[in-house]
Amino acid sequence: MRIARLIAAGFGSGYSPVAAGTVASVVAVLVGAVLLWLSPVALPAAATLATFGGFIAVQRADVVGDPGWVVIDEFAGQWIAMLALGRPSSSGLLGAFILFRLFDIAKPGPVGWADRQHGAFGIMADDVIAGAIAALILATIRILWPDLLL
């Protein structure tokens, strides 16, 4: 259970005394930028591992409700948002961060529905959906204005 809690806490980033979700998203963007730079498969692999491994970790950590220290969902969602970037760039990383946090905080439509679900599914699903919506918007921007996210 100790390893499950470490993973659920985003390897410690969830223990930030203020804005743990935002801190975890910043850490995820920095790690994700390195993964994007390393290999075209590194970020998709990390996003998949964070999503499914995070679900299992949250289940095994015996989490009650959606405590602020559980931030593996932020890692998963942020990395999913970043999947729309072809390579790391300041504007692309900032766009992925802002869009993901916007949808994660505002919880529109399906994000809000997922947030109201119970257990590990609800904890993970709202951020995964927020990340997917952010990725769709970023992908659309890359198609319509390819020079914008350089």
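Residues numbered from 1 in each chain as written. Predicted model: local features only at pLDDT ≥ 70, side-chain atom pairs only at ≥ 80, totals over all residues. Heavy atoms only, no water.

Visitor: Please provide a residue-by-residue account of a nonpolar patch on the surface, values included.
Guide: A cluster of nonpolar side chains, contributed by Ile143, Leu144, Trp145 and Leu148, occupies part of the molecular surface with about 490 Å² of accessible area. Inspection of the secondary structure assignment puts Leu148 in the segment after helix 7 (119-144). (Patch = residues over 30% accessible without salt bridge, like charges linked within 9 Å, V, L, I, M, F, W, Y side chains within 5 Å. Areas by Shrake-Rupley, 256 points an atom, 1.4 Å probe, with all protein chains shown as cover. Salt bridge = Lys/Arg side-chain N within 4 Å of Asp/Glu carboxyl O. Helix = DSSP H or I, 4+ residues; strand = E, 2+ residues; numbered from the N terminus.)

Visitor: Lay out the side chain of Glu74 in plain terms, naming residues and giving numbers.
Guide: Secondary-structure assignment places Glu74 in helix 4 (residues 72-82). Contact partners of Glu74, with chain neighbours within four places excluded, come to Gly21, Ala24, Ser25, Phe100, Arg101, Asp104 and Asp127. (Contact = heavy atoms within 4.5 Å.)

Visitor: Can you lay out helix 5 (residues 90-106) for me, pointing to particular residues and giving the numbers?
Guide: With 17 residues, helix 5 should cover 24 Å at 1.5 Å per step; its first-to-last C-alpha distance of 24 Å lies within 8% of that length. Residues of helix 5 that are buried: Gly92, Leu93, Gly95, Ala96, Phe97, Leu99, Phe100, Arg101, Phe103 and Asp104. At the C-terminal side of helix 5, Lys107 shows a positive phi close to 55°. (Expected span 1.5 Å × (residues − 1). Buried < 20%, exposed > 50% of the residue type's maximum accessible area, 1.4 Å probe, protein only.)

Visitor: Describe helix 4, with residues and values.
Guide: For helix 4, the tally of buried residues reaches 11 of 11 residues, placing the bulk of the element in the interior. Those residues of helix 4 lying buried are Ile72, Asp73, Glu74, Phe75, Ala76, Gly77, Gln78, Trp79, Ile80, Ala81 and Met82. Residues of helix 4 that are buried in the fold lie against helix 1 (2-8), helix 2 (20-38), helix 3 (42-60), helix 5 and helix 7.

Visitor: Explain the packing of helix 4 against helix 5 residue by residue, including any values.
Guide: Running from N to C, helix 4 and helix 5 cross one another at 130°; their axes reach a closest spacing of 9 Å. With respect to their mutual orientation, helix 4 and helix 5 come out oblique. The crossing of helix 4 and helix 5 is right-handed. Contacts between helix 4 and helix 5 involve Glu74, Gly77, Gln78, Ala81 and Met82 on the former and, on the latter, Leu93, Ala96, Phe97, Phe100, Arg101 and Asp104. Looking at the contact of helix 4 with helix 5 residue by residue, the classes come out as 6 nonpolar, 2 polar and 3 charged. (Axes fitted to C-alpha atoms, helices over the stretch in contact; angles between N-to-C directions. Parallel < 35°, antiparallel > 145°, perpendicular 65-115°, else oblique. Left-handed = near helix turned anticlockwise from the far one by under 90°. Nonpolar A, V, L, I, M, F, W, Y, C, P; charged D, E, K, R; others polar.)

Visitor: Outline the environment of Ile98, listing residues and values.
Guide: Mapped onto the secondary structure, Ile98 falls in helix 5. A relative accessible area of 47% places Ile98 in the partly exposed class. Here the alpha-carbon distance between Ile98 and Gln78, two residues 20 residues apart in the chain, equals 9.8 Å.

Such coordinate-based values are descriptive only and should not be taken to indicate function.
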